[in-house]
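# Summary of the model geometry
Here is what each chain is made of, one letter per residue.
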Amino acid sequence: SLSLSPFIQIDGVAQPFQWSTYAAVGARVDAVASALAASGLATRGARVGVFGANCPAWMVAMQACNRQALACVPLYDSLGEGAIEFILRHSGAVAVFVAADKAAALAAALAAGGLGGGSGVKTVVHWGPTPPAAVSALTAAGVDAVSLDDWEARGAAAPAPPAPPAPADLCTIMYTSG
């Protein structure tokens, strides 16, 4: 028989496992995707980074990209120093979703590469208990830093229709060490 752990690690914190329905996750995806559409940054085919461990927020961000025909660009700091800066520059990402524990590293990469504001990434959506210093560093790097909860509220207040991808559209741009 299959035994499920009653706890799950999210952003380095053990939390009780909670089931989600398709309807609840779908509503979150719709709201995040609507906020992307309303931002004006994420037009069809735009690249959107996602930086953090796999977790529910990571999947919501990826599915929001899929809903709006945006290319999801997973970011990995395990590829060595400078990898985040390289991936952001090479992919041309215009927005990034980031876990709280990765926000400071993202801010450093944006600042080091001059990739914030008019030079690339314009918006960073952070999830989890993001340290205020990391949020300040993101803002100092020239991006609009907003919590995922606030981002979802923006999207829920201004629903946008989906922009289904075409068969030839990119889904994911994956950078690997191999």
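Just so you know, these numbers come straight off a predicted model, no measurement behind them. (Residues numbered from 1 in each chain as written. Predicted model: local features only at pLDDT ≥ 70, side-chain atom pairs only at ≥ 80, totals over all residues. Heavy atoms only, no water.)

In an α-helix, one turn spans 3.6 residues, which is why side chains three or four residues apart end up on the same side. All of the buried residues along helix H3 (residues 83–91) are Ala83, Ile84, Ile87, Leu88 and Ser91. Seen from one end, H3 has its buried residues packed into an arc of 130°, which puts them on one side. Those residues of H3 that are buried lie in contact with strand S3 (47–51), strand S4 (71–75), strand S5 (95–99) and helix H4 (103–113). A positive phi of about 75° marks Gly92, the residue just after H3. (Buried < 20%, exposed > 50% of the residue type's maximum accessible area, 1.4 Å probe, protein only. Helix = DSSP H or I, 4+ residues; strand = E, 2+ residues; numbered from the N terminus. Arc of directions from axis to C-beta. Contact = heavy atoms within 4.5 Å.)

Turning to the packing of helix H1 (residues 22–39) against helix H2 (residues 56–67), a few remarks are in order. With their axes 8 Å apart at the nearest point, H1 and H2 run at an angle of 60° to one another. It follows that H1 is oblique to H2 by the angle criterion. Here H1 runs over H2; the crossing is right-handed. Taken together, the residues of H2 that come into contact with H1 (itself represented by Val25, Arg28, Val29, Asp30, Val32, Ala33, Ser34 and Leu36) are Val60, Gln63, Ala64 and Arg67. Tallied by class, the residues present in the contact of H1 with H2 amount to 7 nonpolar, 2 polar and 3 charged. (Axes fitted to C-alpha atoms, helices over the stretch in contact; angles between N-to-C directions. Parallel < 35°, antiparallel > 145°, perpendicular 65-115°, else oblique. Left-handed = near helix turned anticlockwise from the far one by under 90°. Nonpolar A, V, L, I, M, F, W, Y, C, P; charged D, E, K, R; others polar.)

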